[in-house]
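# Overview (structure and organization)
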Amino acid sequence: MRVRLLTAAGLAALMTLTACGGSGGDSGSSGGPVTLRMTTWSANEAHVALFNEIAAEYKKTNPDVDVKFDALPFETYTTTITTQIAGGNAPDLAWILENSAPDFVASGALVDLDDVLEKKEELAPAATALWTSGGSLFAYPFSTSPFGVFVNTDQVKAAGAGSPAELRAEGEWTWEKAVEIAAASAAKSGKAGLVIRDFDYKTWDNLATVWAGWGAEAWSADGKTCGFNQPKMVEAMTFIHDAIFEKKALPAPGTSADFFAGESAMTITQISRASLLKDATFGWDLVPLPSGPNGPYSVIGQGGLGVLKKGKNAEAAAAFLKFFTNEANSAKLAQFFPPPRQSLLNADTLAKTNPLLKPAQLQDVVIDGISKGVVKPSHKGNAEISQAVRSGLDPLWKADADPKAVLDSVCTSIQPLLAK
Amino acid sequence: MTPSRSTPVADRAPARPAPAGAGAPVGRPSFWTTRRRDRLTGYLFIAPQLAGTVLFVLIPLGLVFWYSLHEWNVLADEFTFTGGENYAKLAADPNLPGVLRATGLFSAGLVVLNLALALFLAVLLNQKLRGTTFFRVLFFSPVVVSLVAWTIVWQFMLQDNGGVNGLLATVGVDGPNWLRSDGTAMISVIVVQVFKNVGLNMVLFLAALQGVPQELYEAARVDGASRWRTFWRITMPLISPTVLLTSIITVVGSLQVFAQIAILTQGGPGTSTTVLVYYLYQQAFQFHAFGYGSTLSVLLFAIVLALTVVQWQLRKRWVHHEN
Amino acid sequence: MRTKVWLYGVLLVLCVPFVFPTWWMVTSSLKPNADIFAFPPALWPDDPSWSAWGQVFDMQPFAQQYWNSAYIALVVTLGTLAVSALAGYAFARVRFPGQNALFLVVLTGLLIPSEVTIVPLFRMFNSWGMVDTHWPLILVPIFGAPSVLATFIMRQFFITLPGELEEAARMDGLGRPAIFWRIAVPLAKPALGAVSIFTFLHSWNLYLEPIVFVQSQEKFTLPQALTQFVDVYQGPLWNVQLSAASMTAIPVLIVFVIAQRQFIEGLAHTGLKG
């Protein structure tokens with residue numbers, strides 16, 4: 001039965017494959033009216049309104065081009081566009097998450113943007129590094145958002161262990177101090193101390209906001225060698241482990257605490273989250289990441305916008321991308337997404353669009369952060385490596401764990417993947 | 001059901017035209033004997049289902065098999081025939097034993113807990129008791145709640161400082177970190193899923209229980225049989241077709257559970273809750289290895305097929321009456 | 001008397017894990033976003049507000065999406081009833097060559113998780129120009145894998161029908177289609193009821209397929225729409241999401257409350273009984 005069934009299915013498979021082999025991608029650049037489809041992970045009204053405004057303006061000079069913005073759920077974003085590409089229905093333009101950037105950039109799935117973008121030279125080099133391959137830029141880093149530390153000044157003051165802003169002014173804002181303050185606040189308030197937002201003991205790449213202070217990295221710059229068992233990383237991870245289980249400065253695994261709801265004294269997150277503090281009922285402040293043994297540092301998270309080669313209207317899509325990311329529109333987008341253009345990276349421009357932040361905070365965290373920042377770790381084949389690291393790190397999140405041994409085993413499991 | 005009901009039907013019957021395809025008048029033997037007509041009707045009746053199965057199940061399945069013979073990198077747009085290479089990779093995959101173990105544990109745990117609880121609830125609600133309707137609705141309600149909302153609430157309740165441990169603390173028990181400890185993550189995922197769907201099986205069991213003739217229980221009581229004995233000797237055999245049906249549905253469903261794991265544990269801690277569907281999804285959709293993902297699909301299909309055949313065979317031994 | 005008290009006690013305790021999440025979902029939709037994950041959870045909001053329920057309709061064409069889900073589920077349910085009753089009857093009561101083999105072929109549909117075939121199905125529907133339409137969400141459930149479960153249930157039901165009934169009808173000169181339509185189908189109402197509930201819920205809660213096949217917001221179905229209530233930085237707006245989730249669950253619950261007696265008792269009288 002099964003054999004017969006499989007043969008029949010195999011025949012059918014061949015028929016279907018040949019039947020739909022020729023379809024797709026033949027609408028080409030015939031010059032007729034086109035509707036471009038751009039996938040994003042934002043269904044937010046304000047974002048969508050801005051995108052539609054830009055598209056409507058574009059239509060004035062390009063009456064043949066309509067743009068449809070297709071907001072996909074964030075959790076399954078990359079998966080969904082991959083399925084669409086596999087199914088022969090690639091979007092024309094797509095936002096790309098930083099962690100899948102190397103996959104998209106290196107695979108040749110994206111159109112080279114070097115001759116497309118306006119004033120490409122004014123993009124901050126730290127912002128474009130991730131999206132560049134062989135000297136060409138493959139996606140426009142529309143959002144380049146540095147990590148900072150938000151402080152609940154009420155809780156910190158009540159604990160009386162010092163103020164991050166004052167320490168910062170004195171040049172004493174270090175990880176030792178940060179953990180000390182967090183532990184004291186947690187003990188005093190009964191709430192959480194310092195929360196590394198979105199880490200949740202799963203999304204480990206957010207820990208880069210800590211270990212970068214030790215000069216540690218997940219893997220070497222060429223991506224070939226595992227960095228988890230290097231001495232700097234072991235030191236950094238031991239520090240984190242100690243802060244969680246000995247000092248109780250960070251909430252233990254499986255504990256949720258939302259800074260923006262007043263449940264923790266400090267949180268490390270991207271500055272764009274400041275808007276969540278619009279109606280805050282507590283005093284707050286924003287300071288840069290504390291300095292580590294390796295001195296001051298900053299970390300940025302990114303999103304890119306690229307044109308897919310497999311989309312039906314790659315040329316028209318590239319033309320729209322040029323318009324979407326020109327200086328005028330970049331300035332508009334800057335109200336939601338910190339821009340990579342250096343002409344916009346000044347406290348005055350940013351202050352207009354980020355009314356909750358003081359110019360000093362913007363200069364300190366955003367502008368300096370973007371120009372000096374290291375990007376969160378990513379690698380070709382990122383999802384698989386990321387998954388292996390996550391399950392490899394799980395044994396570390398216990399009070400009696402041996403960091404060196406755990407980190408060695410992480411390297412054992414990811415080294416073959418890195419070498420691929 | 002009674003002859004009196006079928007008589008009027010029969011009276012009207014000859015007025016209707018003969019069944020599809022039959023040009024010959026009803027009754028007199030021609031080429032279209034009753035048997036031939038019956039056969040044709042049979043084929044016509046199953047035609048929509050069969051065509052749908054071929055188009056939407058077998059052809060896609062064949063394509064999946066075809067993909068499994070390729071290395072397919074979607075992003076790089078590479079689709080290369082590699083023959084049995086993916087199957088060699090499958091045989092050597094160091095993750096596979098753990099994945100199969102987790103799959104077996106999950107399915108076995110889910111089926112046993114789900115059926116046992118469903119039966120227990122059905123028996124409780126089958127008592128002559130006021131308010132059973134109310135409880136019926138309560139136990140069924142999770143079935144209609146959005147899966148994502150349901151799972152997120154439970155994630156929140158199962159965290160270290162969550163509701164479940166809060167409750168345990170009031171009786172002096174220091175609960176574990178349910179979703180993040182090796183020993184408890186799997187059972188937590190199973191239990192969350194059982195609570196979500198047990199209502200459906202409960203309703204089916206309840207229906208079956210209410211179909212058991214009361215006289216049989218009376219007779220058993222007269223014979224002095226204990227409740228326990230009555231349950232096993234009378235109730236169970238009589239509801240066995242329902243047990244078979246629900247167990248097949250539950251086993252097959254258990255092998256397809258995915259969103260819950262994605263939300264609750266993401267396959268962790270370690271890989272202790274990485275079941276086959278989740279692993280397949282990771283490979284195909286997250287790691288962009290559609291070829292290898294397809295190979296895992298073929299494996300999953302083979303496992304489900306084998307299990308169902310086994311259950312189908314067991315039916316002959318277990319199930320009380322089916323010709 | 002003592003047994004009764006004991007029974008009520010057990011039932012009440014057992015209820016908690018079934019009811020609390022739903023309770024939490026509904027009450028949290030009345031809380032401000034920041035309070036939802038406060039610990040310990042408040043059983044009732046301090047200051048209940050319906051504003052999130054209104055926001056649901058402001059942020060998305062939710063009424064349209066509601067209609068999409070409703071009509072798709074309805075069409076799928078009716079279509080599945082027709083397809084599965086016909087096939088289930090034929091497999092159970094008609095004798096024709098290859099019957100068992102064909103039944104096994106159909107059963108393969110029961111065995112395939114949708115993750116397995118989603119890519120080839122996507123390619124098929126794409127080549128027919130049906131991506132971003134509701135067709136895949138209607139055609140696949142009615143004719144493909146999901147309806148196989150329905151056919152299976154119908155077959156199991158029809159097998160238990162007494163053969164004498166058909167014999168009698170045949171003696172009276174009824175053909176197969178007439179026997180099916182006038183005798184078997186009316187008797188099968190309970191099984192059809194069970195199939196309706198399964199099918200409706202399956203379609204109503206379908207998540208992966210809409211995300212993959214449907215791309216325009218005004219064509220979304222409810223489970224897909226639920227993921228779209230986010231703030232400026234993609235943080236989920238929990239209270240709005242939970243309001244929308246409550247709105248998707250409550251009507252179905254009400255229908256069940258009203259229909260459950262007929263449903264269960266109907267099943268008990270003839271349906272999947274022993």
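Residues numbered from 1 in each chain as written. Chains lettered and ligands numbered in written order. Predicted model: local features only at pLDDT ≥ 70, side-chain atom pairs only at ≥ 80, totals over all residues. Heavy atoms only, no water.

## Some points on the overall build of chain A
Formally: Note on conventions: DSSP H or I runs of at least 4 residues are helices, E runs of at least 2 residues are strands, and numbering of each starts at the N terminus. Here the globule rule is a power law, 2.2 Å times the number of residues to the power 0.38, and the radius of gyration is based on C-alpha atoms. Only protein chains enter the accessibility calculation, which uses a 1.4 Å probe. A residue is then buried if its area is under 20% of the maximum for its type, exposed if over 50%, and partly exposed in between. Contacts are residue-level and defined by heavy atoms, with any inter-residue pair within 4.5 Å sufficient. Using a 1.4 Å probe, the Shrake-Rupley method yields the accessible areas, and only the shown protein chains count as cover for residues. Positive: Lys, Arg. Negative: Asp, Glu. His and the chain ends are not part of the count. Just so you know, the charge point we use is NZ for Lys, CZ for Arg, CG for Asp and CD for Glu.
Secondary structure assignment for chain A yields 16 helices and eleven strands. On C-alpha atoms alone, chain A measures out to a radius of gyration of 24 Å, which is about the 22 Å that the 2.2 N^0.38 rule sets for 420 residues. Expressed as lengths along the three principal axes of its C-alpha atoms, the size of chain A is roughly 70 × 60 × 35 Å. In chain A, which comprises 420 residues, the proportion classed as buried is 58%. When contacts within chain A are restricted to residue pairs at least 6 apart in sequence, long-range pairs at least 24 apart make up 76% of them. Just so you have it, chain A exposes about 16,400 Å², and 54% of that area is on carbon and sulfur atoms. Separation of charge centres in chain A, based on 36 positive and 45 negative side chains, amounts to 4 Å.

## Section: the interface of chain C and chain B
Our working definition: By convention, the term buried area covers the 1.4 Å-probe accessible surface removed from two parts as they join, with the contributions of both added. Counted as salt bridges are all cases of a side-chain nitrogen of Lys or Arg within 4 Å of a carboxyl oxygen of Asp or Glu. Whenever a nitrogen or oxygen atom comes within 3.5 Å of another N or O atom, the pair is scored as a polar contact, on the condition that within protein one atom can donate a hydrogen and the other can accept it, and that pairs from neighbouring residues in sequence are kept only if both atoms are in side chains.
Facing 101 residues of chain C, the contacting portion of chain B comprises 100 residues. Summing both partners gives a buried area of about 9,300 Å² for chain C against chain B, and 79% of it is carried by carbon and sulfur. Contact with chain B buries surface across chain C, with Phe-18, Leu-111 and Arg-182 of chain C losing the most and accounting together for 8% of the total. Counting every contact that joins chain C to chain B gives two salt bridges. The shortest N-O distance in the salt bridge between Arg-170 of chain C and Asp-38 of chain B comes to 3.5 Å. At the junction of chain C with chain B, the criterion picks out six residue pairs in polar contact (both at pLDDT 80 or more). Top element by residues in the side of chain C that touches chain B is helix 1 (residues 2-28) of chain C. It accounts for 16 residues.

## Points about the state of the cysteines
Residue and element names in this part refer to chain A. As a reminder, the rule being used: Criterion for a disulfide: a pair of cysteine sulfur atoms within 2.5 Å.
For the structure on display, the rule yields one disulfide over all chains. A disulfide bridge connects Cys-226 with Cys-411, and the sulfur atoms are separated by 2.0 Å. Between Cys-226 and Cys-411, the S-S torsion sits near -70°, and that sign places the bridge as left-handed. Here the residue Cys-226 occupies a position in the loop between helix 9 (208-211) and helix 10 (231-245), and Cys-411 occupies one in helix 16 (residues 403-419), the gap between them amounting to 185 residues.

## Examining the packing of helix 2 (residues 34-67) of chain B against helix 5 (residues 114-127) of chain C
Here is the rule we go by: Helix axes use the C-alpha atoms of the stretch in contact, all axes being lines fitted to C-alpha atoms, and the angles between their N-to-C directions lie in the range 0 to 180 degrees. Any angle from 65 to 115 degrees is called roughly perpendicular, while one under 35 is roughly parallel, one over 145 is roughly antiparallel, and all others are oblique. Basically, the charged four are Asp, Glu, Lys and Arg, the nonpolar ten are Ala, Val, Leu, Ile, Met, Phe, Trp, Tyr, Cys and Pro, and anything else, Gly included, counts as polar.
Running from amino to carboxyl end, helix 2 of chain B crosses helix 5 of chain C at an angle of 105°, the nearest separation of the two axes being 8 Å. Compared by their axis directions, helix 2 of chain B and helix 5 of chain C come out roughly perpendicular. Every residue of helix 5 of chain C that contacts helix 2 of chain B at Leu-55, Phe-56, Pro-60, Leu-61, Leu-63, Val-64 and Tyr-67 of chain B is listed here: Val-116, Thr-117, Val-119, Pro-120, Leu-121, Arg-123, Met-124 and Phe-125 of chain C. Partitioning the contact of helix 2 of chain B with helix 5 of chain C into residue classes produces 13 nonpolar, one polar and one charged.

## Some words on the UniProt feature "transmembrane region" (unreviewed entry) in chain C
Residues and elements named next belong to chain C. Here is the rule we go by: UniProt positions are given in the numbering used here, feature names are shortened, and annotations may be inferred rather than shown by experiment.
As recorded in UniProt, the feature "transmembrane region" (unreviewed entry) lies at residues 5-26, 69-89, 101-122, 134-158, 179-201 and 238-259. As annotated, residues 101-122 has a helix share of 73% and a strand share of 0%, and its two end C-alpha atoms lie 28 Å apart. For residues 179-201, the helix share is 96%, the strand share is 0%, and the end-to-end C-alpha distance is 30 Å.

## Notes on the confidence of the model for chain C
Residues and elements named next belong to chain C. The line we're drawing: Values of pLDDT, which run from 0 to 100, indicate the predictor's confidence residue by residue.
Averaged over all residues, the pLDDT of chain C equals 84, while 91% of them reach at least 70. Per-element mean pLDDT across chain C ranges from 78 in helix 13 (residues 238-269) up to 95 in helix 6 (residues 135-143). Overall fold confidence for the complex sits at a pTM of 0.81, while the interface term, ipTM, reaches 0.84.

## Notes on the side chain of Ser-247 of chain B
Residue and element names in this part refer to chain B. Here Ser-247 shows up in helix 10 (residues 227-254). For Ser-247, a relative accessible area of 8% corresponds to the buried category. With residues near it in sequence (within four places) discarded, Ser-247 still touches Leu-115 and Gln-311.

## Section: the pattern of salt bridges
One pass over the structure, following the stated rule, counts 21 salt bridges over all chains. Taking the shortest distance from any N to any O, the salt bridge between Asp-66 of chain A and Lys-59 of chain A comes out at 3.2 Å. For Asp-66 of chain A, a relative accessible area of 34% puts it in the partly exposed group. Judged by relative accessible area, which is 32%, Lys-59 of chain A ranks as partly exposed. Note that Lys-247 of chain A and Asp-242 of chain A form a salt bridge whose closest N and O atoms lie 3.0 Å from each other. Of the residues examined, Lys-247 of chain A reaches a relative accessible area of 38% and is grouped as partly exposed. By relative accessible area, Asp-242 of chain A is classed as partly exposed at 26%. The network of salt bridges with common partners includes Asp-38 of chain B together with Arg-93, Glu-166, Arg-170 and Arg-176 of chain C.

## Some words on the nonpolar core
Here is the rule: Joining through side-chain atoms within 4.5 Å is the link that ties buried Ala, Val, Leu, Ile, Met, Phe, Trp, Tyr and Cys residues into a set, and such a set is a nonpolar core. Domain segmentation is taken from an automatic or database assignment of domains.
Residues Leu-93, Trp-95, Phe-320 and Phe-324 of chain A, Phe-139 and Ile-239 of chain B together with Phe-158 of chain C are the most contacted members of the largest nonpolar core, which totals 246 residues. With 15 residues, helix 8 (residues 182-210) of chain B is the largest single contributor of residues to this core. If you count residues domain by domain, this core takes at least three from each of domain 1 (34-81) and domain 2 (87-318) of chain B. By size, the runner-up hydrophobic cluster in this structure holds 60 residues, among which are Phe-147, Phe-239, Val-287 and Val-299 of chain A.

## Observations regarding the environment of Leu-345 of chain A
Residues and elements named next belong to chain A. Note on placement: Leu-345 falls in the loop between helix 12 (327-333) and helix 13 (347-353). Separated by 181 residues in the primary sequence, Leu-345 and Pro-164 place their C-alpha atoms 25 Å from one another. Filtering out sequence-adjacent residues up to four positions away, Leu-345 remains in contact with Pro-339, Leu-350, Ile-367 and Ile-370.

## Examining the interface of chain A and chain B
If you look at the interface, chain A gives 35 residues, while chain B gives 36 residues. Buried area between chain A and chain B, both sides added, is near 3,000 Å², and the carbon and sulfur share of it is 61%. At the boundary of chain A and chain B, one finds two salt bridges. Connecting chain A to chain B are six residue pairs in polar contact (both at pLDDT 80 or more). When residues of the side of chain A that touches chain B are traced back to their parent elements, those giving at least two are helix 1 (2-21), helix 3 (77-86), helix 4 (101-107) and helix 15 (382-393) of chain A. Counting residues per element, the side of chain A that touches chain B draws most heavily on helix 1 of chain A, which supplies eight residues. When grouped by side-chain class, the residues that make up the side of chain A that touches chain B number 14 nonpolar, twelve polar and nine charged.

## So, a nonpolar patch on the surface
Operational definition: The patch calculation keeps residues exceeding 30% relative accessible area without a salt bridge and links them within 9 Å when they carry like charges or within 5 Å when they are nonpolar (Val, Leu, Ile, Met, Phe, Trp, Tyr).
Taken together, the side chains of Ile-250, Ile-254, Val-257 and Ile-258 of chain C define a hydrophobic patch exposed on the protein surface, amounting to about 350 Å² of accessible area. Assessed through its relative accessible area of 43%, Val-257 of chain C is described here as partly exposed.

## Examining empty space enclosed by the protein
Empty space among the atoms becomes visible once a probe the size of a water molecule is rolled across them. For clarity, the cut-off: Grid points spaced at 1 Å over the protein atoms alone were grouped into cavities, where a 1.4 Å probe fits but cannot get out, and pockets, open sets with protein on both sides within 12 Å along at least five of seven lines, with lining residues defined by an atom within 4 Å of a point. Grid points are joined across faces, edges and corners, and a volume is the space filled by probe spheres set on the points.
For the coordinates displayed, the defined rule picks out eight cavities of 30 Å³ or more. Considered as a void within the structure, the second largest cavity measures approximately 80 Å³ in volume. Lining the second largest cavity are 14 residues; nearest its centre among them are Phe-290 and Ser-294 of chain B together with Glu-115, Val-116 and Val-119 of chain C. Only helix 2, helix 12 (276-286) and helix 13 (290-318) of chain B together with helix 5 of chain C provide two or more residues apiece to the lining of the second largest cavity. No other element matches helix 5 of chain C, which puts five residues into the lining of the second largest cavity.

## What to know about the packing of aromatic side chains
Residues and elements named next belong to chain A. Operational definition: Between the rings of Phe, Tyr and Trp (Trp by its six-membered ring), a pair exists once the centres lie within 6.5 Å; its type follows the angle of the planes, with under 30 degrees stacked, over 60 edge-to-face, and the other angles tilted.
All chains considered together, the criterion is met by 60 aromatic pairs over all chains. Between Trp-175 and Phe-239, the ring centres sit 6.2 Å apart and the planes meet at 80°, which makes this aromatic pair edge-to-face. Here Trp-175 is found in helix 8 (residues 175-189), whereas its partner Phe-239 is found in helix 10, with 64 residues between them in sequence. In this structure Phe-239 comes out as buried when scored by relative accessible area, which is 12%. When the ring of Phe-259 is compared with that of Phe-260, the centres are 5.3 Å apart and the planes differ by 90°; the resulting orientation is edge-to-face. When its relative accessible area of 11% is taken as the criterion, Phe-260 is described as buried. Members of the aromatic cluster, connected to one another through ring pairs, are Trp-41, Phe-51, Tyr-58, Phe-69, Tyr-77, Trp-95, Phe-142, Phe-320, Phe-323, Phe-324, Phe-336 and Phe-337.

## Side note on unusual backbone geometry
The omega torsion of the bond from Gly-268 of chain B to Pro-269 of chain B falls at -5°, within 30 degrees of zero and hence cis. For Pro-269 of chain B, the location among the structural elements is in the loop between helix 11 (259-264) and helix 12. One non-glycine residue with positive phi stands out, namely Asp-198 of chain A, at about 70°. Tracing the backbone shows Asp-198 of chain A in the loop between strand 7 (192-196) and helix 9. Assessed through its relative accessible area of 42%, Asp-198 of chain A is described here as partly exposed. Even without being a glycine, Asp-132 of chain C presents a positive backbone phi close to 65°.

## What to know about the pairing of strand 7 of chain A
Residue and element names in this part refer to chain A. The condition that has to hold: Two strands pair under a simple rule: DSSP has to find at least two bridges between them.
Within strand 7, five of the five residues are buried, which leaves the element mostly enclosed by the surrounding structure. Relative to strand 8 (residues 264-270), strand 7 runs parallel, the two being bridged by four bridges. The partner of Leu-194 across the bridge, within strand 8, is Met-266.

## Quick notes on helix 5 (residues 132-144) of chain B
All names here are of chain B. Defined as follows: Between the first and last residue of a helix there are one fewer steps than residues, each counted as 1.5 Å, and that sum is the expected span.
Helix length check: helix 5 (13 residues) gives 19 Å between terminal C-alpha atoms against 18 Å at 1.5 Å per residue, within 8%. By the criterion of burial, helix 5 is predominantly enclosed, with eleven of the 13 residues buried. Within helix 5 the residues assigned to the buried category are Thr-132, Phe-135, Arg-136, Val-137, Leu-138, Phe-139, Phe-140, Ser-141, Pro-142, Val-143 and Val-144.

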